[in-house]
Structures are given as C-alpha cells and as structure tokens.
Amino acid sequence: MTITYKDPDGIAGMRIAGRLAAELLDYLAQFVKPGITTNELDRLAEDYTTQVLGAISAPLNYAPGGHNPYPKSICTSINHQVCHGIPNDKPLKKGDIINIDVTVIKNGWHGDSSRMYQVGEVSIAAKRLCNLTYEAMWKGIRQVRDGAYLGDIGHAIQTFAEGHGLSVVREYCGHGIGQKFHEDPQVLHYGKPGTLEQLKAGMTITIEPMLNIGRKEIKELGDGWTIVTKDHSLSAQWEHTVLVTPTGYEVLTLSANSPPIPEFVKPAAPAITLAVA
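The sections below set out a description of the structure shown in this document. These figures come from a predicted structure and were not determined experimentally. (Residues numbered from 1 in each chain as written. Predicted model: local features only at pLDDT ≥ 70, side-chain atom pairs only at ≥ 80, totals over all residues. Heavy atoms only, no water.)

Regarding its fold elements, the protein chain presents four helices and 15 strands. Its C-alpha atoms give the protein chain principal-axis dimensions of roughly 45 × 45 × 40 Å. Split into buried and exposed, the 277 residues of the protein chain put 56% on the buried side. Put simply, the protein chain shows about 11600 Å² of open surface, and 52% of that area lies on carbon and sulfur atoms. Considering the protein chain, the positive charge centre built from 25 side chains and the negative charge centre built from 29 side chains are found 5 Å apart. (Helix = DSSP H or I, 4+ residues; strand = E, 2+ residues; numbered from the N terminus. Buried < 20%, exposed > 50% of the residue type's maximum accessible area, 1.4 Å probe, protein only. Areas by Shrake-Rupley, 256 points an atom, 1.4 Å probe, with all protein chains shown as cover. Lys, Arg positive; Asp, Glu negative; His and termini not counted. Charge placed at Lys NZ, Arg CZ, Asp CG, Glu CD.)

Following both chains from N to C, one finds helix H3 (residues 124–141) and helix H4 (residues 150–163) inclined at 150 degrees, their axes separated by 8 Å at the closest point. When the axes of H3 and H4 are compared, the pair comes out roughly antiparallel. H4 is crossed by H3, and the crossing has right-handed handedness. Judged by residue contacts, Leu132, Glu135, Ala136, Lys139 and Gly140 of H3 engage Ile153, Ala156, Ile157 and Phe160 from H4. Classifying every residue of the contact of H3 with H4 gives six nonpolar, one polar and two charged. (Axes fitted to C-alpha atoms, helices over the stretch in contact; angles between N-to-C directions. Parallel < 35°, antiparallel > 145°, perpendicular 65-115°, else oblique. Left-handed = near helix turned anticlockwise from the far one by under 90°. Contact = heavy atoms within 4.5 Å. Nonpolar A, V, L, I, M, F, W, Y, C, P; charged D, E, K, R; others polar.)

Reading across from one edge, E6-E10-E13 is the order of the three strands in this open sheet, with antiparallel pairing throughout. Looking along the sheet, the strands with just one partner apiece sit at the ends: strand E6 (167–168) and strand E13 (235–237). Pairing of strand E10 (residues 210–212) with E13, which is carried by three bridges, proceeds in the antiparallel orientation. Residue pairing across strands places Asn212 opposite Ser235, the latter belonging to E13. (Pairing = 2+ DSSP bridges.)

Set out below in structure tokens:
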C-alpha cells in the first residue's frame, strides 16, 4: 500500500480543489427540478467547471482498468441507482432523489464530493434515507484524527446505519485522493474499531457511504458503470474529502452553501475548518 502524505503546498492545493468541488455542487442545486435532464445537468457542470472554476472534470473519459472511458463530467445516480449513474436525456420527475457526484482537478489536485438532492416533494422514506445517510457520513468523519484507524470510520458508519434499519453497500468505498483521482488507502464504510490502516496527519481521503433502504446487494447495469440495488430499493450517498490533521480533521469540500453540519458534530467544531482560498 502506497499512501501519499501531503506537505503544506499539497494541502493548500487540496483545499482549493475541494472548495471548487463544493462550489460546483452549490451551483447545480438551483437546476435540480422536475423536467430537467441529467444530460442538461452534466452540460451545466462541465461549462461551470471549465469556464468559471478554470478546472477540469476528472470523471470525463476516466478509464480505470477493466472499464470503458466514462463518457460524462459528473455522475448522476437516481433513486435505486447506488453510484456511477451516467447522465442521459430522461427528465427528472417530482419525488426523485438524485446523487450528484463531482470531482474537479485544479492545478493537478483533485477535489471530490457528492450530495443528495430532492426533486420537488419526496416521500418520507426517501427524505429519511437522505438525512440518515448524511448523518452517517459525519459519524465517520468524526472518527478521523492522527492515530485513529480506518476501521474506526467504517464501524461508526455501519453501527449508525444498521441501527436505523439501513444496509451498507460493501463493494464501493472511499479512497485516498490527491494528485491522483484514486489513491491508497481504501476507506470502507463498515468494519471493526482499531483495525486496518492507521491514519496519519497529511493523509487526504474521501468518506462516501452508500446506504440502502432495502438489502445491501447490488448489481452492475449493461453500460459497465451504473450500479443499482439488486432489490430495486432506494439508495443514497454523500461524500466529503477530508484531511487528517495533527489535532483531528479538516473537511476540504465545504462551502458557504453546504448543507448544515449536524448538531452532534458541533462540539468538535474547532477541528472543522471551512476551506478558503
């Protein structure tokens, strides 16, 4: 396992890239309404990334081993789609929930984040899933500190999710990130405390739990990218890029219009830094 530890210049680069990813998600929020297509959202995202942020969309033409190049600039996963949904010409409809996952490259550094959006009025079950998944992500983030373990993050997410009757997707996880889109280590969203890799200051990782209302099993669609729940139940995901600091953590993908941080996180507020240029 080769983990990269960021020096002060690298951390500064990651802060900028993270902030831009958050600003892209802020920008897209106004357009997520019934009738818009995910292709339109993709076009808006690509234009904003390149023309306003002066950055590059990392997903576009991304081709890890065994995959065809990803054809779009963002991932749009709707309802029972777990992750990696490919934008298309089907309009969003009232009651849909959608995860928009973005990664921007600025000066060689990657900022990776995703949010859930509710299209008009959604069901109580869908709203509960979105809210609990957001809280589960923060339960994991709160475990981050120099000397903690990756298993601490996974355990916090798993126990919270399963305690609320949700299942945790196993096959997809968070990851190290920096000058490469995906670096070591893998960040599982389930596990046991005190296990796996130890966190050290200078690491940058993503925490991005995928939780289902139904069973945890998933399957891949024929496009080679889109992952869905096998039982067709609703799925949700949130993601932040996080820096391990000597005293705790810094969330790099926060912005002025990010969703409010949960109340249970507030006591640890001094460890949270709103990344600015």
